[in-house]
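As a plain string of letters, each chain reads:
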Amino acid sequence: MPRKRIQQVGNAKTRKLVENLQLNTLYYRDKCSWNQEELSDASGLAIGTVRELEQGKVTNPRIETVVALSDAFGLEDPLVLLRKPKGRVIPK
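The rules behind these values
- Residues numbered from 1 in each chain as written.
- Predicted model: local features only at pLDDT ≥ 70, side-chain atom pairs only at ≥ 80, totals over all residues.
- Heavy atoms only, no water.
- Helix = DSSP H or I, 4+ residues; strand = E, 2+ residues; numbered from the N terminus.
- Buried < 20%, exposed > 50% of the residue type's maximum accessible area, 1.4 Å probe, protein only.
- Arc of directions from axis to C-beta.
- Contact = heavy atoms within 4.5 Å.
- Polar contact = N/O pair within 3.5 Å; in protein donor to acceptor, adjacent residues only side chain to side chain.
- Axes fitted to C-alpha atoms, helices over the stretch in contact; angles between N-to-C directions.
- Parallel < 35°, antiparallel > 145°, perpendicular 65-115°, else oblique.
- Salt bridge = Lys/Arg side-chain N within 4 Å of Asp/Glu carboxyl O.

A. Spotlight on the environment of Q7. Tracing the chain through its elements places Q7 in the segment before α1 (12-31). On the accessibility criterion, Q7 (62% relative accessible area) is exposed. Distance from Q7 to G56, taken between C-alpha atoms, is 8.3 Å for residues 49 residues apart in sequence.

Encoded structure:
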């Protein structure tokens, strides 16, 4: 069964949170000058998880995923990744 894309999420609040996670992941990865493999190594997440998250295919991320990303980026509060993005990186 194919994964849903962010745009297919019915609940607007959920859709906004996962979109924020996607954009913030792209922003912080760019800020760290990492490629997806380097983020995968730093966070302990599978490269496929990182790839699908950035492509908007992860619509129900586990809390452990958010924490792993925030730890990799050196953020004190994992919820930063779910808030409105500070910077804008255009998904590639």
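B. Spotlight on helix α2 (residues 36-43). Taken as a whole, α2 has its buried residues at L39, S40 and S43. Projection of α2 onto a plane perpendicular to its axis shows the buried side chains occupying an angular sector of 105°, all on one side. Every exposed residue of α2 that faces more than 90 degrees away from the buried side is listed here: E37 and D41. For α2, the secondary structure elements touched by its buried residues are α1, α3 (47-54) and α4 (63-73). Put simply, N35 is the residue that caps the front of α2, since its side-chain oxygen is 3.0 Å from the backbone nitrogen of E37. In the segment just after α2, G44 is the residue with positive phi, at about 80°.

C. Up close: the packing of α2 against α4. Two elements in contact, α2 and α4, have axes separated by 8 Å at closest approach and are oriented at 105°. As summarised for this structure, α2 and α4 are arranged roughly perpendicular, according to the angle between their axes. Mapping the contact onto sequence places L39, A42 and S43 in α2 and A68, L69, A72 and F73 in α4.

D. Highlighting the pattern of salt bridges. Summed over all chains, the structure comprises 4 salt bridges. As a salt-bridge pair, E19 and K16 come within 3.0 Å of each other at their nearest N and O atoms. Here E19 and its partner K16 are both found in helix α1, 3 residues apart, which amounts to about one turn of the helix. Residue classification places E19 among the partly exposed residues on the basis of a relative accessible area of 29%. Between R29 and E54 there is a salt bridge, with its nearest N and O atoms 2.6 Å apart. Here R29 is found in helix α1, whereas its partner E54 is found in helix α3, with 25 residues between them in sequence. Of the two residues, R29 and E54, both sit in the buried class.

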